[in-house]
Amino acid sequence: MQQTRPPIAVVGVSALFPGSTSADGFWRDILAGTDQITDVPPSHWLIEDYYDPDPGAPDKTYANRGAFLKDVDFDALGWGVPPSIIPATDTSQLLALIVAQKVLDDAARAREVDRSRVSVILGVTSAQELLGTMVSRLQRPVWVKALRDAGLPESEVEDICTRISGEYVPWQESTFPGVLGNVVAGRIANRLDLGGTNCVTDAACASTFSALSMAANELYLGDSDMVITGGVDTMNDIFMYMCFSKTPALSHSGDCRPFSDAADGTMLGEGLGMFALKLLDHAERDGDRIYAVIRGVGSSSDGRAKSVYAPRSSGQANALRRAYVHAGFSASTVELVEAHGTGTKAGDAAEFGGLRMVFDETGRADRQWCALGSVKSQIGHTKSAAGAAGLFKAILALHSKVIPPTIKIERPNPKLAIAQSPFYLNTTARPWVRSSDHPRRAGVSSFGFGGSNFHIALEEYLNPEHRAGRLRTASHEVVVLTGDDLIAQIQAHIDASSAEGYLQRLSYTSLHDADLTAKRRLAFIARDDHDLAQKLRAAASRIAKQPDAAFSTPDGVHYGVGAHDGQVAFLFPGQGSQYVNMGAPLAQLDEIALSAWDDAADLDLGDEPLGLYDVVFPKTAFTDEDQAAQRTRLTATEWAQPAIGAASLATLRALQAMGVEAAAVGGHSYGEVTALHAAGVLSAADLLRVARKRGELMAAAAALPGAMTAVSEPIERVRELVAANNLQVVVANHNHPTQVVLSGPTDAIEAAEAVLKDNGVNARRLRVATAFHSPVVSESSTPFAAALAEVAFETPTVPVYANTSAAPYPADADAMRAQLAEQIANSVRFVEMVEAMYEAGARTFIEVGPNAVLTGLVKRILGDRPHQTIATDRKNAADLKAWAGAVAQLAAAGIPMQPAAMWAGYRVPENPHQRKKPRLAIPLNGSNHGKPYPPKGGAAARPAPNPPRPEPEPRIVHVEVPVEVPVEVPVEVRGASGVGATATGTGT
């Protein structure tokens with residue numbers, strides 16, 4: 001297919017949505033699956049005033065939950081906005097200034113931009129919250145009539161009406177622009193000095209994409225060089241709740257659950273999201289940093305229908321078809337769709353129907369290749385900003401190569417028959433693995449009342465020269481401090497750590513500045529700024545008491561003194577270490593690690609339709625039976641071995657990127673294949689092919705009757721009992737001083753277990769298919785040797801210690817092939833192998849791959865002798881704690897490395913101490929500042945009899961000043977007589 005429109009680059013992003021005040025924070029919340037839906041805060045409206053669970057209750061809403069913005073400091077003076085006019089200016093206009101400045105800064109990156117050619121086109125619904133306030137103030141004739149009809153005397157009528165009027169923001173010169181939606185864009189253009197088009201578009205909940213469509217046309221026609229576009233919506237007032245309640249569309253249970261069997265409506269949210277767009281060839285020419293590429297924009301109308309707001313699948317499908325025609329690629333290559341996904345049963349069903357029409361038309365035969373989700377499950381429906389939230393999620397998913405989650409789905413809506421469709425629902429973040437046949441691609445939908453339909457076709461940007469830095473979402477950061485003045489350094493960081501975002505900045509700078517040759521090295525992991533401060537204080541106290549005593553703590557603080565002693569050895573795990581989603585956190589953090597999985601996706605590792613990616617990082621299983629089936633599939637040797645190989649390869653690449661090198665390598669059983677790759681004997685592709693072949697042959701051998709049993713006794717004692725009783729079993733594994741695994745025919749293992757029991761020895765039958773590492777599977781060695789004969793074996797760059805001999809592999813290629821082929825049926829002499837590596841000088845053993853089994857075995861083998869074991873993973877690890885902790889241990893040990901590689905590809909974090917401090921910070925959220933409702937106490941608070949009269953409304957003095965007037969700061973006003981008077985902007 002040929003693209004019919006020029007591609008558009010996304011060169012800047014910014015976001016202000018519930019739960020965070022930055023783009024980084026919003027993306028972190030998305031990946032973490034954070035639920036931002038809460039009870040309605042009193043800053044917006046009082047639940048006791050307007051909530052009634054009865055949907056039919058007049059002038060009441062049956063919803064009392066939603067998603068709301070945190071307070072953001074608005075620098076009134078810096079923006080040239082007099083504080084006195086803020087109550088008469090809708091919050092959407094003020095918050096939009098902050099978000100627009102951030103997106104322009106992100107796009108410009110300290111580079112000059114021709115502002116005369118920059119446009120601002122935003123999705124903003126026409127009615128703004130302040131408009132309702134001002135209209136309400138004009139209802140005095142209605143109040144008067146009602147009070148007169150009630151028989152109140154005229155004096156009380158006027159007094160009460162004055163009281164009511166005094167509860168509203170007074171009219172002033174700035175009110176007219178303050179209530180207008182178009183001034184959201186106009187104020188941005190005015191304050192940022194932008195000379196292109198400025199306007200807003202209203203397509204209801206599709207407003208963001210109607211604006212983006214117009215922005216794209218500006219770029220196509222050459223009328224703008226850059227367009228700031230997106231959506232703005234801060235209307236979570238009672239009026240908006242009433243609109244959605246009486247439709248009705250809000251959830252009765254108080255949650256938004258798109259595509260779930262429990263979906264019962266949507267929840268309202270608020271937020272702002274903006275993007276800086278340029279033609280792709282112009283962005284590359286100008287050296288811009290690019291997040292993703294918009295390939296196609298499709299739009300349509302539903303046409304004639306039963307209702308003006310009832311969605312139609314066929315109309316929505318037209319928008320999708322047009323988007324992919326313009327994009328020049330088929331929907332069959334799209335692996336993520338961020339849906340409109342409101343959580344209403346009718347809306348979700350109609351949308352799913354339209355999606356299925358288009359994706360089924362591609363002719364792709366397999367099912368469930370595309371992840372489907374909606375960010376509304378986390379932040380609710382942000383109305384005119386809904387498309388901005390979804391587009392942000394899709395752009396960052398492409399940019400970060402992560403499939404983000406949709407939460408609150410315990411079971412898909414069975415009426416969708418999703419298992420028979422092209423789609424699946426993803427409920428946890430997963431690495432987005434992709435073969436090299438095409439880039440990662442995504443689609444985003446947004447639909448509005450009145451049948452306005454839009455779909456955006458996106459593609460990842462591949463050129464590393466122009467890729468924007470990734471947004472950091474690491475669950476744990478590593479901090480490394482070195483030098484003789486550690487106590488002073490620590491104290492300085494304690495004093496500075498109160499600034500929000502300090503941890504990321506310290507991690508970045510400390511990893512770049514660390515001198516691992518210094519005598520003293522402190523390295524630790526931290527989750528957040530609070531955790532950082534706590535660990536700094538604890539480390540300072542301990543180091544001050546014993547500055548020359550190295551230590552490690554269970555919570556990840558490591559202190560090293562003096563040069564690193566001995567050599568580094570890599571150990572690679574074997575079968576049994578695998579688990580579903582192994583390596584996912586590292587693959588999401590590090591593109592070098594992810595590359596191992598991408599490379600695996602290019603290989604033909606079997607005839608089954610499932611690729612390695614789908615076996616290791618499977619789609620969400622919604623039943624216990626399905627979860628068990630996923631674990632069973634990964635346990636099968638034909639999948640387990642290449643899966644462990646890929647996971648180990650990913651970790652190995654991440655270590656190598658930091659310059660960590662091993663003087664020797666070894667593995668346990670299958671892990672020996674990975675060790676051969678680490679020593680340069682096998683290529684990465686051959687590693688995985690050999691792993692697959694080995695696994696297939698072992699799976700075939702599983703048909704032979706055999707078993708294995710673990711014995712908790714020293715090997716000498718076990719051998720004595722085996723020989724004395726003429727047992728037909730062999731030692732398959734000698735794992736540590738008191739763990740031996742016996743293997744042989746099933747009846748022989750049963751006899752051995754009986755003998756062991758009679759002699760007071762514990763034995764535990766292992767859940768394995770047959771008697772591996774015994775003569776039972778010896779026939780597998782011949783076909784394996786034949787397969788290895790077709791594989792190139794290079795000379796090892798470092799010694800590779802073999803399980804069979806407990807000595808380094810020979811250098812000859814044929815001899816290496818023969819030894820590896822025979823290993824399947826020979827014993828794993830792991831204890832002797834580790835002892836030989838230790839004797840040769842290894843003192844630091846790094847387990848490279850999933851789980852931490854070998855780390856525990858080495859500790860048991862070496863006991864109290866000087867050594868260090870470092871695991872790079874923990875079983876079922878759902879975050880980066882194990883990986884980050886391993887890096888911290890390596891740094892504290894003084895092992896030569898460049899830990900700054902952990903930040904490769906990420907944008908430099910802002911220094912929180914260099915942020916411009918507002919001269920006058922006014923906290924703003926989605927609710928208008930200084931609005932009268934809710935009055936203190938609300939309608940639920942019953943006043944005492946004869947309450948005191950309110951103070952009369954102050955006279956407003958309008959003052960023209962060249963800069964802003966701070967709250968409660970007197971301003972001199974000159975009268976005709978020249979006598980100075982003062983006026984005060986109260987900001988309320």
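Cut-offs used in this document
Residues numbered from 1 in each chain as written. Predicted model: local features only at pLDDT ≥ 70, side-chain atom pairs only at ≥ 80, totals over all residues. Heavy atoms only, no water. Helix = DSSP H or I, 4+ residues; strand = E, 2+ residues; numbered from the N terminus. Rg over C-alpha atoms; globule rule 2.2 N^0.38 Å. Buried < 20%, exposed > 50% of the residue type's maximum accessible area, 1.4 Å probe, protein only. Contact = heavy atoms within 4.5 Å. Areas by Shrake-Rupley, 256 points an atom, 1.4 Å probe, with all protein chains shown as cover. Lys, Arg positive; Asp, Glu negative; His and termini not counted. Charge placed at Lys NZ, Arg CZ, Asp CG, Glu CD. Salt bridge = Lys/Arg side-chain N within 4 Å of Asp/Glu carboxyl O. Patch = residues over 30% accessible without salt bridge, like charges linked within 9 Å, V, L, I, M, F, W, Y side chains within 5 Å. Polar contact = N/O pair within 3.5 Å; in protein donor to acceptor, adjacent residues only side chain to side chain. Axes fitted to C-alpha atoms, helices over the stretch in contact; angles between N-to-C directions. Parallel < 35°, antiparallel > 145°, perpendicular 65-115°, else oblique. Left-handed = near helix turned anticlockwise from the far one by under 90°. Nonpolar A, V, L, I, M, F, W, Y, C, P; charged D, E, K, R; others polar. 1 Å grid on protein atoms, 1.4 Å probe; cavity = no way out; pocket = protein on both sides within 12 Å on 5 of 7 lines; lining within 4 Å. Points joined across faces, edges and corners; volume = space filled by probe spheres on them.

Caption draft 1: Quick look at the overall build of the protein chain. The helix and strand tally for the protein chain stands at 33 helices and 32 strands. Compactness check: the protein chain gives a C-alpha radius of gyration of 33 Å against a globular reference of 30 Å for 988 residues, within 12% of the reference. Counting the 988 residues in the protein chain, one finds 58% classified as buried. Partitioning the intrachain contacts of the protein chain with sequence separation of at least 6 by distance along the chain shows that 79% fall at a separation of at least 24. Element-wise, carbon and sulfur atoms account for 52% of the exposed surface of the protein chain, whose accessible area totals about 38900 Å². For the protein chain, the distance from the average position of its 89 positive side-chain charges to the average position of its 110 negative side-chain charges is 2 Å.

Caption draft 2: Representation of the pattern of salt bridges. This model, assessed by the stated rule, comprises 47 salt bridges. The partner of Arg163 in a salt bridge is Asp159, and the shortest N-O contact between them spans 3.1 Å. Of the two residues, Arg163 and Asp159 are both situated in helix α7 (residues 154–165); the distance of four residues between them amounts to about one turn of the helix. Residue Asp159 is classed as partly exposed on the basis of its relative accessible area, which comes to 23%. Salt bridges linked by common partners bring Asp35, Asp39, Arg65, Asp255, Arg257 and Lys408 together as one network.

Caption draft 3: Main features of a nonpolar patch on the surface. Taken together, Val308, Tyr309 and Phe449 make up a surface patch of nonpolar side chains, about 330 Å² in accessible area. Relative to the helices and strands, Tyr309 is located in the loop between β9 (292–301) and α13 (313–327). Given the relative accessible area of 43%, Tyr309 is considered partly exposed.

Caption draft 4: Seen up close, the side chain of Glu459. Relative to the helices and strands, Glu459 is located in strand β16 (residues 452–460). Within the structure, the side chain of Glu459 is placed 3.0 Å from the side chain of Arg295, a separation counted as a polar contact. At a separation of 2.7 Å, a polar atom in the side chain of Glu459 contacts the side chain of Arg441. Not counting residues up to four positions away in its chain, the partners in contact with Glu459 are Ala292, Val293, Arg295, Phe329, Leu398, Pro439, Arg440 and Arg441.

Caption draft 5: Quick look at the packing of helix α26 (residues 684–701) against helix α29 (residues 781–788). Where α26 contacts α29, the two axes come as close as 10 Å, and the packing angle between them is 160 degrees. Regarding the angle of α26 to α29, the classification is roughly antiparallel. Between α26 and α29 lies a crossing whose hand is right-handed. In this structure, α26 contributes Val690, Lys693, Arg694 and Leu697 to the contact, and α29 contributes Pro783, Phe784, Ala787 and Leu788. Taken together, the residues of the contact of α26 with α29 sort by class into six nonpolar, no polar and two charged.

Caption draft 6: Seen up close, empty space enclosed by the protein. This structure, assessed with the given rule, holds five cavities of 30 Å³ or more. The volume enclosed by the largest cavity comes to roughly 150 Å³. If you list the elements that add at least two residues to the lining of the largest cavity, you get α20 (584–589), α24 (637–657) and α33 (881–893). At three residues, α24 tops the list of elements feeding residues into the lining of the largest cavity. Tallied by class, the residues present in the lining of the largest cavity amount to 11 nonpolar, four polar and two charged. Estimated volume of the second largest cavity: approximately 40 Å³. Lining the second largest cavity, in full, are Trp27, Leu31, Ser400, Val402, Arg470, Leu471, Thr473, Gln588 and Tyr906. In terms of residue class, the lining of the second largest cavity is made up of five nonpolar, three polar and one charged.

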